[in-house]
Amino acid sequence: MGILPILRWPDTRLETVCDPVEPDEDIGRLIIDMFDTMYDAPGRGLAAPQVGVMKRLFVIDVTWKEAQPSPVVFVNPKIVEASESRSDAEEACLSIPSITTIITRPDWVIMEWTDAQGETQRQRLDGAWARCAQHELDHLNGIVTFDRLDAPARHAAEAQYAVQP
Ligand code: ZN
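Source: prediction; values computed, not measured.

Focus on the coordination of the zinc ion
Six octahedrally arranged donors around a metal ideally form angles of 90 or 180 degrees; four tetrahedrally arranged donors ideally form angles of 109.5 degrees. The protein atoms that coordinate the zinc ion are Cys 93 (SG), His 135 (NE2) and His 139 (NE2), at distances of 2.0 to 2.2 Å. On the primary sequence, the residues serving as donors to the zinc ion are separated as C-x41-H-x3-H. You can see His 135 and its partner His 139 sitting in helix α2 (residues 127–140), 4 residues apart, about one turn around the helix.

Okay, structure coming up:
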């Protein structure tokens, strides 16, 4: 079991676009450590750049806090289609502790990715799954929640973050 240090905004690695995971890369240990780190934090999602690995990979488990765990690994994920309908919801981020922001996102997305076994997956994600996966995908593109706020909301959120103990 390996708990990895989680980078905190404004670490520049959180503003960096990540590289694809190559087919022959051994990411088994990284995946185990990322789940350990996510559950320990505790959180519902963790992207590789949040632990300083600049690769296109994230893990999520939307249900474990309330019900049975449902861990899913997304390697080289991409959004194939997104709903035109959008909703606002609160989002937290392990790299921006104690701050909750209201983010607007598509209600559902069709995502394509490679799983931990190297198989291609393509699935429509709804509700909390859609929101969590889009949040983590943002990390792979160097985007954090603050980047999705308008200027006044961002200013307020950054000011609140700055005075955190
Ligand atoms: Zn995050």
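Thoughts on the pattern of salt bridges
Applying the stated criterion across every chain, the model contains 13 salt bridges. For Arg 105, the salt bridge goes to Asp 138, with nearest N and O atoms at 3.0 Å. Linking Arg 105 in strand β5 (residues 96–106) with Asp 138 in helix α2, this pair joins segments that are 33 residues apart in sequence. Take Arg 105 and Asp 138: they sit in the same class, and that class is buried. Close ionic contact of Arg 154 with Asp 147 constitutes a salt bridge, the shortest N to O distance being 2.8 Å.

Observations regarding the environment of Thr 101
Of note, Thr 101 is situated in strand β5. If we ignore the near neighbours within four places in the chain, the residues touching Thr 101 are Ala 89, Glu 90, Glu 91, Thr 145, Phe 146, Leu 149 and Ala 157.

Describing the pairing of strand β6 (residues 108–114)
Remember that side chains alternate between the two faces of the sheet whenever the strand is regular. In terms of residue burial, β6 counts as a mostly covered element, since 5 of its 7 residues are buried. One ladder, built from 5 bridges, connects strand β3 (residues 72–82) with β6; its direction is antiparallel. Directly across from Ala 82, in β6, lies its bridge partner Val 109. Of the strand pairs in this sheet, β6 and strand β7 (residues 120–126) are connected by 7 bridges, and their pairing is antiparallel. Residue pairing across strands places Trp 113 opposite Gln 121, the latter belonging to β7.

Details of the packing of aromatic side chains
The final tally for this structure, using the stated rule, is 7 aromatic pairs. On the numbers, 5.0 Å between centres and 85° between planes, the contact of Tyr 39 with Trp 64 is edge-to-face. Of the two residues, Tyr 39 is situated in helix α1 (residues 28–40) and Trp 64 in the loop between β2 (57–60) and β3; the sequence distance between them amounts to 25 residues. Taken together, a centroid distance of 4.7 Å and an interplanar angle of 20° make the contact between Phe 58 and Phe 74 stacked. With Phe 58 in strand β2 and Phe 74 in strand β3, the pair connects residues that are 16 residues apart, well separated along the chain. The exposure classification of Phe 58 matches that of Phe 74, with both residues buried. Clustering of aromatic rings is evident, with ring pairs tying together Trp 9, Phe 146 and Tyr 161.

How each quantity is defined
- Residues numbered from 1 in each chain as written.
- Predicted model: local features only at pLDDT ≥ 70, side-chain atom pairs only at ≥ 80, totals over all residues.
- Heavy atoms only, no water.
- Donors = N, O, S within 2.8 Å, 3.2 Å for Na, K, Ca; no water.
- Helix = DSSP H or I, 4+ residues; strand = E, 2+ residues; numbered from the N terminus.
- Salt bridge = Lys/Arg side-chain N within 4 Å of Asp/Glu carboxyl O.
- Buried < 20%, exposed > 50% of the residue type's maximum accessible area, 1.4 Å probe, protein only.
- Contact = heavy atoms within 4.5 Å.
- Pairing = 2+ DSSP bridges.
- Phe/Tyr/Trp six-rings, centres within 6.5 Å; stacked < 30°, edge-to-face > 60°.

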